[in-house]
Each structure stands twice: as C-alpha cells, then as structure tokens.
Amino acid sequence: MRHSRCSVALVSSAVAPAKEANATGPKAVELVLVKEQNGVQLTNSTLLSPPQSCAEAPDRETWSKKADFLLSVIGFAVDLANVWRFPYLCYKNGGGAFLVPYLFFMVIAGMPLFYMELALGQFNREGAAGVWKICPILKGVGYSVILISLYIGFFYNVIIAWALHYLFSSLTAELPWTHCNNTWNSPHCSDARAANSSANDTRTTPAAEYFERGVLHLHESRGIDDLGPPRWQLTSCLVLVIILLYFSLWKGVRTSGKVVWITATMPYVVLLALLLRGITLPGALDGIRAYLSVDFHRLCEASVWIDAAIQICFSLGVGLGVLIAFSSYNKFTNNCYRDAIITTSVNSLTSFSSGFVVFSFLGYMAQKHSVPIGDVAKDGPGLIFTIYPEALATLPLSSVWAVVFFVMLLTLGIDSAMGGMESVITGLIDEFQLLHRHRKLFTLFVVLTTFFLSLFCVTNGGIYVFTLLDHFAAGTSILFGVLLEVIGVAWFYGVWQFSDDIKQMTGQRPSLYWRLCWKFISPCFLLFVVVVSIATFRPPHYGAYVFPEWANALGWAIAASSMSVAPVYAAYKFCSLPGSLREKLAYAITPEKEHEQLDRGEVRQFTVSAAVPVGPQGGGQAGWGPLLHPQVRGWAGHQHRDTVTQKPREEPNSRQGWRKACWAGNFLFCRLMGHQPT
C-alpha cells in the first residue's frame, strides 16, 4: 500500500546547534510550561521542524487548470436528478415554500459536508480509502463509499445508454413516438390524453409506449424473474458509453479535466435554449406559476422537511468519495473553502432554474390536452423519457429540439458517471501500488466490470433490475456512510486538528460556525435522515408491478453489503493490531503519522485544560492564573501541572508510563469530546 504522509518532525533539545539548524531549515520554537513556583515560570523549548507540505508528494498529478477541477465538481454534482427530481419536489411540496427547508438544510448540512470532503481530500492527497490514515479503524468507510460508487455505475450508465438511444432515434424527419402506427404499439395506444380519466382507463400515449415497448421491450417480460436476453440496440449504446468513459478516464484528471469543458458547460447552453423556447409556448406561464406557487402551510408537514433533507444529501453528491478524489488532485494551497461555496451555490441555482424549463413545457402539455398540471407532472425517468419527448414532438422542428434535449441528457450523465468511476479508480490505486503502476489497465477493468453487470439492466425486464438497484444501492447506505465519515473527522480525528489542516492549506482557520456544524449539527442532521429513511421505507415498485419478497431481500443484501464494510474492516483492523486492548485502541484511532511516536512512547497526552488558581501562597496576585490552552502540545518527557493537585508532574517516556498517564486521563473519552492532546 502506498501512503503519502505529511507529518511534523519533532526534535526536543535545550540547545540546538546552529549548524544543524541551518542545515535543516528554519525551526519554530515552542515554549512549554514546566512549573510555576513563587511567581517564577520556568520553561523548556521544543524545536519544531517546518511542516512538510503534502503538495510535495512526488507521485501526485494535479489538475492542469483550476477551472478543470471546478467544472469536474460542478459536472458531477449537477446531474440528471437536478432536472427530473428537484422541480417535481418543489411543485409537490408547496412550490416556493419548499425553498425554505431546502436552503436551511443546505446551509447547516449541505455546504459543511461538501466543504469537509473537499478539505479532507486536498490535505491528505489520497482517495476515499487513503484519507482515513487520520483514523485507521475507519478506513472501511472509504471502501464502503467506493463500493457504493461501483454499484451506482451498474445502473447509472444505463440511463446514459437510454439517452443515446433516443438521440439516435431523433435523427429522423419524424420522431418515432409521435403516433400509434408503429410495430411496438398496443391496442391501448391513444394519441390524445383523456381529461378526468378514471383509474380503469388503460389508454397510454405514444411516447410512453415507445419508452416501455419500443426501447425497453418491457411487454416481453413478466417480471424480475423473467429478464430475457439483452437488447442489442441498448447493448450497443451501452458499449459506446463505456468507450467514452474509458477514454475520458484512462490518463487521469488531465484527460477528464478536458472532457468536462464540454460535458459540464453544454447542459447550461441547452437549458437556456429550452427555456427561451419554453416560455413562448401557450400555457407556459401557468406551468411556471404552479411551480412557484407558495403554500407556507405545507411547511407544517413533516414530509416536506424530510424531502428537503434527503434531496440535499443526494443532490450534492457527498458520501460517494468523488469530491475527495477530485480534490486530492488539487494543489495543496488551493482555496477549498471558496470552491465549496461556489459549487454548492451553482448546484442549487441549477436545480432551481431547471424548474422553469421543466414546468414551462409541463404547462404547455397540460393546456394542450386540457388536463391539470398534476396529471402530467412526474419525476424520475418518466419525466425525461416520456413527458418531455411527448412535448418536443409537438413543436416545429421537433427532431432538432429532440437532438438538443438528448445531447443535454447525455452530457449531464457522462460527467456524473465519470465522477463515480474516478472515485473507484482513485480510491483503489492510491491504496495499492500495483494498480497505480497500471492505471490504464485497471481503468479498463473497472469500466468493463460495470458494463457486464449493466447488461442485466438492458434486458427485456431490465427496468426491474434498474429500479431495484436505484432503490437499494444508493439510498440509506450513502447516508450511513456520510454519517460515519463526519463522526470520524469531527469526533475521532478532531475538529481542531482538522481546522489546523485547513489553516495549513488556506492560511485561515474555519470559523466557529463551520466547526459547530461539523461537530454537532451535521451529525445530528444525518442521524435524523438515516432514521427517517429507514422508518419511512417503502418497498420498490414499477408502475403496478410489485417486487416479490426475494427481490426485496436481494435489495437489502446489496445495501447491507456496502454498509457492513465499515464495521467488518474496523473489527479486522482492531484484531490485527498488536498489544493489549488499550494499545490496540490507541493505534486504531491515532493518525498513522503519529504511530512512530507511539512506538517510541513519545505520545501526546490527553488532559482537560483547567484554570490554576494563584494566590498569595504562591507569591503572586490573587485570581486565576493563565489557562493552559487545550491545543498546546506537550510531548513525553515534559513536565505539566497536574489539574487536580496543582503540582508539577513528570510525564513518563516509557510506553508503560504513557499508558498509565494516557488512560488515567481517559484517552478515548478525550478524543471523542474533542479535547486535543496536551
């Protein structure tokens, strides 16, 4: 395994030879209080070698330009869900009122988590697994998110293949979903929507039948236990997607950073064109009015807040290791705080503005068929592969507009898929040197693996496999991974140490607000969302089809396979460490860069700072003496004032003495409560 460590070398000496100091560079001098007696403070000096910047890691490539990184992150975060999910949630949950809980959760959880992942990857300069050298027992969290990203690739690439199939089908004078005279149409196909249709009405639109019968061939499958062979048309499209992904990723971020200049910017050009066309359609203003209609009474419903919380977690892409992987290729001094603010703001604005595009066309469709907007408004693949194509088919130059629309879907999907694959590739090649030396072959192996498993989703019953994976592989498991991630950073590694890392990179420590979010608010928020997602679980279904029990059990097994990686690895790591129970725990939660000091017994001690009363008996003025700051580091061998007896005590140098001193102060409790080593 390959670890790039950035550690601070310490040399303790009363007098440092000038020649040695000049040879090794300038050193900072730390004064440590030894004792205070009769008003006289005695000190000892510690020479600190300058921190070695992680930017000096020899093997790490970086982005060619800062814009490459920003476009990659924006392209990953802004995906298909911004078009098909957010606008519908906004409409369903009180229109503009939905922005209140959405923005609230964005500020207290979305932005802090996004910022945390960018800083974590940039400082440690490794992928999702390697960054957990800050707390070795939690490295399983990194492997967990890598596995989740791999699972998502199994079905997300299929959406891109659908979009590519539609793109090729649009290259005709007449779009194939405009009428019911095709070979795949059923007797239930009807060119007109019926107003006030009853539940027994079995009529379907040409666009709906084209998607389910012409593309998916769903009518040839009885269910998930009758998948049938892969469809050659979709398989061919999937092959093209895999080829495009491979040649975008095979040389690392220097190639993918160029691809995103097209894939990340094209959607905004197309959205603007569709918006300008949409607002000129009859009924467009009615659709936009329905999208923005404010109903503040809906804020009293718990479901509105739950939808907003879940949308925040999934829309930003935290917990997939992608942000960590991308930021690990940044220059060490990059301003990751500014990047987090920019990208989260762009993501939210894109979600909101896409609603105008979507609902201008939905309003047009509702007026054209004389039905309420609620009858045509839906989310998920049905919106972009049924409703939107149906609307485009009624426009002049419909083929042109269809090509433009599906090019947008293709670019939205490609850069998000690239992010997921990069998370897997970077996360594993940073851990295994053999894979790092053969990145091109390993990239080929990863994309081929996703291809062969994606074949299940392009069969006659592939939509059932797709629905099952979408429901279980990327739901509660992502939330669980992010929860463990923020606990590991804020409670085990420590908010103060994490803030020191950020200050070393950007020159400025995060404000109290961010530290409070990481320490308390974000973990509580994530715990709430995890509990709610489990409590409100509903078995998956596709239309009227209900999945059998064995399929639901398989889905839970998929979810459990990724969630169990973290505790299984923690148990393995704990058992494989040498020493007693206390020593195992000390090594398991201590950053790897401090293990060498652990071996020598030169370990930071954990004590709770206390104010020392100083009075006439000490020869000083009455009152409280200087506080020993909790973050001042005192290394083994230095004397400290006992917080109970107020007498100077000698810290032991031996490991045995360290164990006694450390565990007398309750090592784990102090680390969890955020008290830094002193």
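Look above for the structure.
Being a predicted model, the structure only gives us computed values, none of them experimental. (Residues numbered from 1 in each chain as written. Predicted model: local features only at pLDDT ≥ 70, side-chain atom pairs only at ≥ 80, totals over all residues. Heavy atoms only, no water.)

## So, the overall build of the protein
Looking only at helices and strands, the protein has 28 helices and 9 strands in total. The 678 residues of the protein split such that 57% are buried. By sequence separation, contacts in the protein at least 24 residues apart represent 80% of the contacts at least 6 residues apart. Carbon and sulfur atoms provide 64% of the accessible area of the protein, an area that totals close to 28100 Å². (Helix = DSSP H or I, 4+ residues; strand = E, 2+ residues; numbered from the N terminus. Buried < 20%, exposed > 50% of the residue type's maximum accessible area, 1.4 Å probe, protein only. Contact = heavy atoms within 4.5 Å. Areas by Shrake-Rupley, 256 points an atom, 1.4 Å probe, with all protein chains shown as cover.)

## Points about the side chain of S144
Here S144 lies in helix α6 (residues 139-169). S144 gets classed as buried once you look at its relative accessible area, which sits at 3%. The residues contacting S144, other than those within four sequence positions of it, are S562, M563 and V565.

## Digging into helix α12 (residues 302-315)
Along its 14 residues, α12 runs 20 Å from first to last C-alpha, staying within 8% of the 20 Å computed at 1.5 Å per residue. Every buried residue of α12 is listed here: V304, I306, D307, A308, A309, Q311, I312, C313 and S315. Those residues of α12 hidden inside the fold are in contact with α2 (66-77), α4 (86-92), α5 (99-124), α14 (336-369), α21 (476-506) and α22 (512-535). Looking one or two places after α12, you find G317, whose phi comes out positive at around 80 degrees. (Expected span 1.5 Å × (residues − 1).)

## Describing the pattern of salt bridges
On inspection of all chains with the given rule, the structure shows 13 salt bridges. Its salt-bridge partner being E126, residue K133 comes within 3.4 Å of it at the nearest N-O pair. By relative accessible area, which is 1% here, E126 ends up buried. (Salt bridge = Lys/Arg side-chain N within 4 Å of Asp/Glu carboxyl O.)

## Digging into the packing of α5 against α14
Put simply, α5 and α14 touch, their axes get as near as 9 Å, and they point 140 degrees apart. By the criterion of interaxial angle, the relationship of α5 to α14 is oblique. The way α5 lies across α14 gives a crossing that is right-handed. Residues L99, Y102, M106, M111, F114, Y115, L118, A119 and Q122 of α5 form the contact with α14, whose participating residues are C336, Y337, D339, A340, I341, T343, T344, S345, N347, S348, S351 and F352. Partitioning the contact of α5 with α14 into residue classes produces 13 nonpolar, 7 polar and 1 charged. (Axes fitted to C-alpha atoms, helices over the stretch in contact; angles between N-to-C directions. Parallel < 35°, antiparallel > 145°, perpendicular 65-115°, else oblique. Left-handed = near helix turned anticlockwise from the far one by under 90°. Nonpolar A, V, L, I, M, F, W, Y, C, P; charged D, E, K, R; others polar.)

## Quick look at the side chain of N82
Position of N82 relative to the elements: it lies in helix α3 (residues 80-84). Side-chain polar atoms of N82 contact the backbone nitrogen of D79, separated by 2.9 Å. Apart from residues lying up to four places away in sequence, N82 is in contact with A77, P87, N347, S351 and S354. (Polar contact = N/O pair within 3.5 Å; in protein donor to acceptor, adjacent residues only side chain to side chain.)

## Some points on the nonpolar core
Ranked by size, the top nonpolar core spans 189 residues in total, and within it W162 and F385 carry the most contacts. Here this core takes 20 residues from α6, the largest share from any one element. (Core = buried A, V, L, I, M, F, W, Y, C linked by side-chain atoms within 4.5 Å.)

## Things to note about the environment of S354
Inspection of the secondary structure puts S354 in helix α14. Residues S354 and L271, spaced 83 residues apart in sequence, show a C-alpha to C-alpha distance of 7.1 Å. Not counting the four nearest positions on each side in its chain, S354 is found in contact with N82, V83 and P87. Reaching out from S354, the side chain makes a polar contact with the backbone oxygen of N82 at a distance of 2.8 Å.

## Let's talk about a nonpolar patch on the surface
There is a patch of nonpolar side chains on the surface, built from F168, L171, V239, L240, I243 and F247 and spanning about 560 Å² of accessible area. If one sorts the elements of the nonpolar patch by residue count, helix α8 (residues 232-249) sits on top with 4 residues. When you line up the elements, F247 lands in helix α8. (Patch = residues over 30% accessible without salt bridge, like charges linked within 9 Å, V, L, I, M, F, W, Y side chains within 5 Å.)

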